[in-house]
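Okay, here's what each chain looks like letter by letter:
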Amino acid sequence: MADSQKLTIQQFLDRKENPEIQELVGKFNGGSFACCHTQIFAETGVWIEELVPVFQKLDAQLAHTSDNQVRVLSPQFAR
């Protein structure tokens, strides 16, 4: 693992030395945002504090949306 770094979103986007990470920017369209954030940290040592509350809200919205869809598709399992 690389040395740990805490960056702002802008500092992360301005980085040019990691093209493989830059390639990922803008391609996240679902799944676990917080999991992705921790995976990027594990692989690069980059942690962006500003994204924590954003990803928590996105993950909560995805869970809510998924739960609603499950209730429609499988009402016998609705809580």
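Above this note sits the structure.
Residues numbered from 1 in each chain as written. Predicted model: local features only at pLDDT ≥ 70, side-chain atom pairs only at ≥ 80, totals over all residues. Heavy atoms only, no water.

Undergrad: Can you help me understand the state of the cysteines in this one?
TA: Structurally, a disulfide amounts to a covalent bond that connects the sulfur atoms of two cysteines. In this structure the tally under the stated criterion is 0 disulfides. Counting only cysteine sulfurs, Cys36 is the nearest neighbor of Cys35, a cysteine outside any disulfide, at a range of 7.5 Å. Accessibility expressed as a relative area gives 45% for Cys35, which makes it partly exposed. With a relative accessible area of 22%, Cys36 lands in the partly exposed category. (Disulfide = S-S within 2.5 Å. Buried < 20%, exposed > 50% of the residue type's maximum accessible area, 1.4 Å probe, protein only.)

Undergrad: Explain the pattern of salt bridges to me, please; I cannot follow it from the model alone.
TA: Any two side chains of opposite charge can pair, so long as their charged atoms come close to each other. What the rule picks out here adds up to 1 salt bridge. For Glu49, the salt bridge goes to Lys6, with nearest N and O atoms at 3.7 Å. Remark: Lys6 occurs in strand 1 (residues 5-6) and Glu49 occurs in the loop between strand 2 (46-47) and helix 4 (51-73); sequence separation between them is 43 residues. (Salt bridge = Lys/Arg side-chain N within 4 Å of Asp/Glu carboxyl O. Helix = DSSP H or I, 4+ residues; strand = E, 2+ residues; numbered from the N terminus.)

Undergrad: Would you take a moment to explain the packing of aromatic side chains for this structure?
TA: The description of an aromatic ring pair uses the distance of the two centres, along with the angle that the planes make with each other. In the structure shown here, the tally under the stated rule is 2 aromatic pairs. Seen in terms of ring centroids, Phe41 and Trp47 are 5.8 Å apart; in terms of plane orientation they differ by 85°. Their pairing is edge-to-face. The class for Phe41 is partly exposed, based on a relative accessible area of 26%. (Phe/Tyr/Trp six-rings, centres within 6.5 Å; stacked < 30°, edge-to-face > 60°.)

Undergrad: Honestly, the nonpolar core in this entry has me stumped. Any pointers?
TA: In globular proteins that are soluble, nonpolar side chains generally tend to be buried together. Counting residues in each nonpolar core, the largest one holds 7 residues, listed as Leu7, Phe12, Phe33, Val46, Ile48, Leu51 and Phe55. Beyond its immediate sequence surroundings of up to four residues, Phe55 is in contact with Phe33, Ala34 and His37. (Core = buried A, V, L, I, M, F, W, Y, C linked by side-chain atoms within 4.5 Å. Contact = heavy atoms within 4.5 Å.)

Undergrad: How do you make sense of the side chain of Thr44 when you look at a structure like this?
TA: Position of Thr44 relative to the elements: it lies in helix 3 (residues 33-44). Relative accessible area serves as the criterion here: at 11%, Thr44 is assigned to the buried category. Separated by 2.7 Å, the side chain of Thr44 and the backbone oxygen of Ile40 make a polar contact. (Polar contact = N/O pair within 3.5 Å; in protein donor to acceptor, adjacent residues only side chain to side chain.)

Undergrad: Mind showing me how you'd approach helix 3 here?
TA: In an α-helix, one turn spans 3.6 residues, which is why side chains three or four residues apart end up on the same side. Taking 1.5 Å of rise per residue, 12 residues should cover 16 Å, and helix 3 covers 16 Å from first to last C-alpha, within 8% of that figure. When helix 3 is considered as a whole, its buried residues turn out to be Phe33, His37, Ile40 and Thr44. One side of helix 3 holds all its buried residues, which, seen down the axis, span an arc of 60°. Looking one or two places after helix 3, you find Gly45, whose phi comes out positive at around 80°. (Expected span 1.5 Å × (residues − 1). Arc of directions from axis to C-beta.)

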